Amino acid sequence: MLQTTERPAGGPAVDVATLRVTAKTTVAEGVVTLELAAPDGSRLPDWAPGAHVDLTLGNGTTRQY
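Residues numbered from 1 in each chain as written. Predicted model: local features only at pLDDT ≥ 70, side-chain atom pairs only at ≥ 80, totals over all residues. Heavy atoms only, no water.

## Quick word on the overall build of the chain
On a plain count of helices and strands, the chain comes out with zero helices and five strands. When the helices and strands of the chain are read in sequence order from the N terminus, they spell out β-β-β-β-β. For the chain, the residues scored as buried account for 9% of the 65 residues in total. Per element, the accessible surface of the chain, about 5,300 Å² overall, is 53% carbon and sulfur. (Helix = DSSP H or I, 4+ residues; strand = E, 2+ residues; numbered from the N terminus. Buried < 20%, exposed > 50% of the residue type's maximum accessible area, 1.4 Å probe, protein only. Areas by Shrake-Rupley, 256 points an atom, 1.4 Å probe, with all protein chains shown as cover.)

Here it is, written out as structure tokens:
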């Protein structure tokens with residue numbers, strides 16, 4: 001499970017959600033594609049130009065995509 005993170009104080013409001021990794025595909029050495037889904041199977045919000053996702057990994061590392 002992955003959980004998105006909120007922006008620091010003063011940043012824009014963002015949604016926070018816990019997501020399930022439903023597929024992981026290695027596309028190159030050190031590069032993977034992840035398919036994310038809501039744990040209950042509901043539809044995720046549509047993306048918008050300029051949108052990104054912050055992922056908080058199990059070790060506390062945050063990655064931005």
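## Quick notes on the pattern of salt bridges
Scanning the entire structure with this criterion turns up one salt bridge. Where Asp 46 meets Arg 43, a salt bridge forms, and the shortest distance between an N and an O atom there is 2.5 Å. Side by side, Asp 46 and Arg 43 carry an identical accessibility label, which is exposed. (Salt bridge = Lys/Arg side-chain N within 4 Å of Asp/Glu carboxyl O.)

## Considerations on the pairing of strand β2 (residues 18-28)
Here seven bridges tie β2 to strand β3 (residues 31-37), and the two strands are oriented antiparallel to one another. Along β3, the bridge assignment pairs Thr 25 with Thr 33. The hairpin turn running from β2 into β3, its antiparallel successor, is two residues long, and Gly 30 in that turn takes a positive phi close to 80°. (Pairing = 2+ DSSP bridges.)

## Looking at the confidence of the model for the chain
In the predicted model, the chain carries a mean pLDDT of 81, and 77% of its residues have values of at least 70. Per-residue pLDDT, averaged within each element of the chain, yields its smallest value for strand β1 (residues 2-4) (51) and its largest for β2 (93). (pLDDT = per-residue confidence, 0-100.)

## Quick word on a nonpolar patch on the surface
On the surface, Val 21, Val 32 and Leu 34 cluster together to form a nonpolar patch covering roughly 200 Å² of accessible area. Position of Leu 34 among the secondary structure elements: in strand β3. (Patch = residues over 30% accessible without salt bridge, like charges linked within 9 Å, V, L, I, M, F, W, Y side chains within 5 Å.)

## Focus on the environment of Gly 41
With respect to the helices, strands and loops of the structure, Gly 41 is situated in the loop between β3 and β4 (54-56). Between the alpha carbons of Gly 41 and Arg 20 there is a distance of 9.5 Å; along the sequence they are 21 residues apart.

## Points about the environment of Leu 55
Inspection of the secondary structure puts Leu 55 in strand β4. Classification of Leu 55 as buried rests on a relative accessible area of 7%. With 36 residues separating them along the chain, Leu 55 and Leu 19 place their C-alpha atoms 9.7 Å apart.

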